[in-house]
Amino acid sequence: MRTQVAIIGGGPSGLLLSQLLNRAGIATVVLERTSREHVLSRIRAGVLEEGTVRMLHEAGCGERMMREGHPHHGCYLSTTEGRFRVDFAQSCGKEVMVYGQTEVTHDLYDAQDAIGATILHEVSDVALHDLDSDHPHVTFTKDGRAQRLDCDWIAGCDGFHGVSRKSIPQSVRQEFERVYPFGWLGILSHTKPAADELIYANHPLGFALASMRNDRLSRYYIQVPLTDKVEDWSDEAFWTEIRRRLPADVAGTMETGPSIEKSIAPLRSFVTEPMRWGRLFLVGDAAHIVPPTGAKGLNLAVSDVHYLYEALVEAAAGSMSGVEAYSGRALTRVWGAMRFSWWMTSILHRFPDQSAFDQKVQEAELHVLRDMPSARETMARNYVGQPF
Ligand code: APR
Ligand code: PHB
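Residues numbered from 1 in each chain as written. Chains lettered and ligands numbered in written order. Predicted model: local features only at pLDDT ≥ 70, side-chain atom pairs only at ≥ 80, totals over all residues. Heavy atoms only, no water.

**Details of empty space enclosed by the protein**
Remark: the empty space left among the atoms is shown by a probe the size of a water molecule rolled over them.
Item 1. Per the counting criterion, the structure on display carries one cavity of 30 Å³ or more.
Item 2. Volume-wise, the largest cavity comes out at about 30 Å³.
Item 3. Around the largest cavity, the lining residues are Val-47, His-72, Gly-74, Cys-75, Phe-88, Val-96, Val-98, Leu-198 and Tyr-383.
Item 4. Of all the secondary structure elements, the ones that give two or more residues to the lining of the largest cavity are strand E5 (74-79) and strand E7 (96-98). (1 Å grid on protein atoms, 1.4 Å probe; cavity = no way out; pocket = protein on both sides within 12 Å on 5 of 7 lines; lining within 4 Å. Points joined across faces, edges and corners; volume = space filled by probe spheres on them. Helix = DSSP H or I, 4+ residues; strand = E, 2+ residues; numbered from the N terminus.)

Spelled out as structure tokens, the structure:
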């Protein structure tokens, strides 16, 4: 087999890159380890920056998002002293689109089907070869048969646990990581959202978030110790706990119901540099992981795709400037979002080793946000997303 761009991983990064490149006349093959059903079963965040909305339109996947998505012009932060609103529209004239990543992935698959894109599911033993040559190739197993895919470029869109990042020699890679001493227990339920906008709650019992997918599908999270297991938490225990942490007026009126999905996710900040080595580019979670507090995971993946898509279109026309600039351009935006996600996580969670001084500083940081319009503007500009 031969193609121009081999894409390892059929999550949001891989599917969006495949869609954009094929629409630009560049041939791709997506190699995905799991089944289409498994990819579509994943529940992830649901806040899209304007740049992500724009890229989905450019990929021809924006129609259902505009019909079913919900523009949000602000969000709430709450503490035991009450809640206040961060007004995106007033601060920076921008908004975010609340539309689940699962729906984005559905739309990308539908668009890929419509153009007859090549996506091979349930492949195994993927290995990358001759990355530092002009003739890279990928080997893999499909239906029990060993296969070889020759290509010009390889996009490693295979997430944190994929093969691509590890295919860059350890001597070349520099990794940066912070693992947080807690996780998020998340619930999805067919209930009316607790409020019209997201509520991020800082509480002595721990962080909580009230989010949504639509007016009959709510998404909630509470901070839990790393030692907790999802089976430790009945639906009733979850609802009782999140009601303790959300503002009283919200807790008193929120609708509860059976969970249709319940899971615990660990939180980490992670970046690997560089994001390119020879003919291999790292994209999305393959290169970086953010704690979900700032809702940056999918949006960072999309900005990586944007930079790589532009670079590969230029390369097809004979210019290597985009290829040479990819890692630096992507990492500049990655570190900006990494800082913001770390900051949001630091001011909203209770840390086990937090001193009384740390607690007072955290409270002071939240007072600055509550009382200083310029501080809220800075948060708003980072939350809605820096330009690509
Ligand atoms: N070979 C082929 N496919 C692989 C391999 C492999 N060795 N390893 C992993 N994959 C696939 C996974 O099955 C998954 O479908 O790569 C895909 C990676 O998808 P994601 O992990 O979703 O990463 P990405 O596409 O970059 O999207 C980032 O997804 O996980 C969320 O929070 C994250 O919102 C962010 C977004
Ligand atoms: C979600 O709706 O899943 C969500 C929203 C905002 C976040 C994290 C998750 O910061």
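Resuming the write-up.
**Observations regarding unusual backbone geometry**
Item 1. Put simply, Glu-273 and Pro-274 share a cis peptide bond, and its omega is -5 degrees.
Item 2. Within the secondary structure, Pro-274 sits in the loop between strand E17 (259-273) and strand E18 (276-277).
Item 3. In this structure, Asp-125 is a non-glycine residue whose phi angle is positive, near 55 degrees.
Item 4. Position of Asp-125 among the secondary structure elements: in strand E9 (residues 124-129).
Item 5. Despite not being glycine, Ala-295 has its phi angle at roughly 55 degrees, a positive value.

**Details of the side chain of Gln-354**
Item 1. With respect to the element layout, Gln-354 can be found in the loop between helix H10 (321-348) and helix H11 (356-371).
Item 2. A distance of 2.5 Å separates polar atoms of two side chains, one belonging to Gln-354 and the other to Gln-359.
Item 3. Beyond its immediate stretch of four places on either side in the chain, Gln-354 contacts His-349, Gln-359 and Gln-362. (Polar contact = N/O pair within 3.5 Å; in protein donor to acceptor, adjacent residues only side chain to side chain. Contact = heavy atoms within 4.5 Å.)

**Considerations on the site of ligand 2**
Item 1. Neighbouring ligand 2 are 15 residues, the closest being Tyr-200, Ser-211, Arg-213, Tyr-221 and Pro-292.
Item 2. Between an oxygen atom of ligand 2 and a side-chain N or O atom of Ser-211, the distance comes to 2.6 Å.
Item 3. Summarising the interface, the protein chains cover 99% of the accessible area of ligand 2, which totals 280 Å² for the free molecule.
Item 4. Elements with a contribution of two residues or more to the shell around ligand 2: strand E15 (208-214) and strand E16 (217-224).
Item 5. Top contributing element to the shell around ligand 2 by residue count: E15, with three residues.
Item 6. Along the lines of polarity and charge, the residues of the shell around ligand 2 split into nine nonpolar, three polar and three charged.
Item 7. Two domains share the shell around ligand 2, each providing at least three of its residues, namely domain 1 (5-71 + 98-177 + 268-345) and domain 2 (180-267 + 350-384). (Near = heavy atom within 4 Å. Areas by Shrake-Rupley, 256 points an atom, 1.4 Å probe, with all protein chains shown as cover. Nonpolar A, V, L, I, M, F, W, Y, C, P; charged D, E, K, R; others polar. Domains from an automatic or database assignment.)

**Points about the site of ligand 1**
Item 1. Contacts to ligand 1 come from 23 residues, most closely from Ser-13, Glu-32, Arg-42, Arg-44 and Gln-101.
Item 2. Within the backbone of Pro-12, an N or O atom sits 3.3 Å from an oxygen atom of ligand 1.
Item 3. Gln-101 is positioned such that a nitrogen or oxygen atom in its side chain is 2.6 Å from an oxygen atom of ligand 1.
Item 4. Protein coverage of the free-state accessible area of ligand 1, which is 700 Å², stands at 88%.
Item 5. Grouping the constituent residues of the shell around ligand 1 by class yields eight nonpolar, nine polar and six charged.

**Remarks on the side chain of Arg-213**
Item 1. Relative to the assigned elements, Arg-213 resides in strand E15.
Item 2. Apart from residues no more than four positions distant in its own chain, Arg-213 is found in contact with Arg-44, Ala-45, Gly-46, His-70, Val-98, Gly-100, Leu-188, Arg-219 and Tyr-221.

**Section: the packing of aromatic side chains**
The geometry of an aromatic ring pair is captured by two quantities: the separation of the ring centres and the angle between the planes.
Item 1. Inspection of every chain in the model, using the stated rule, returns 15 aromatic pairs.
Item 2. Plain terms: the ring middles of Trp-184 and Tyr-221 are 4.8 Å apart, the flat faces sit at 45 degrees to each other, and that makes the pair tilted. Separated by 37 residues along the polypeptide, Trp-184 in strand E13 (residues 174-189) and Tyr-221 in strand E16 bring together distant segments of the chain.
Item 3. Given a relative accessible area of 4%, Trp-184 falls into the buried group.
Item 4. Ring geometry for Tyr-220 against Trp-239: centres 5.3 Å apart, planes inclined by 80 degrees, an arrangement best described as edge-to-face. Of the two residues, Tyr-220 sits in strand E16 while Trp-239 sits in helix H7 (residues 235-245), which places them 19 residues apart along the sequence. Grouping residues by exposure puts Tyr-220 and Trp-239 together as buried.
Item 5. Clustering of aromatic rings is evident, with ring pairs tying together Phe-88, Trp-184, Tyr-200, Phe-207, Tyr-221, Phe-340, Trp-343 and Tyr-383.
Item 6. Its guanidinium or amino end placed over the ring of Tyr-76, Arg-83 lies 5.0 Å from that ring's centre, counting from NZ or CZ.
Item 7. Here Arg-279 stacks its cationic end above the ring of Trp-153, 4.2 Å away from the centre of that ring. (Phe/Tyr/Trp six-rings, centres within 6.5 Å; stacked < 30°, edge-to-face > 60°. Buried < 20%, exposed > 50% of the residue type's maximum accessible area, 1.4 Å probe, protein only. Lys NZ or Arg CZ within 6 Å of the ring centre and 35° of its normal.)

**Quick look at the domain arrangement of the chain**
Item 1. Taken domain by domain, the chain comprises domain 1 (5-71 + 98-177 + 268-345) and domain 2 (180-267 + 350-384).
Item 2. Taking only C-alpha atoms into account, the centre of domain 1 sits 29 Å from that of domain 2.
Item 3. Each partner contributes to the roughly 1800 Å² buried at the junction of domain 1 and domain 2, and carbon and sulfur atoms together form 66% of this total.
Item 4. Interface area lost by domain 1 to domain 2 is led by Ile-43, Trp-343 and Thr-345, which between them contribute 27%.
Item 5. Our count for the contact surface shared by domain 1 and domain 2 stands at five residue pairs in polar contact (both at pLDDT 80 or more).
Item 6. If you list the elements that add at least two residues to the side of domain 1 that touches domain 2, you get E17 and H10.
Item 7. The element best represented in the side of domain 1 that touches domain 2 is H10, accounting for six residues.
Item 8. A per-class count over the side of domain 1 that touches domain 2 returns 11 nonpolar, seven polar and six charged. (Buried area = accessible area lost by both parts, 1.4 Å probe.)

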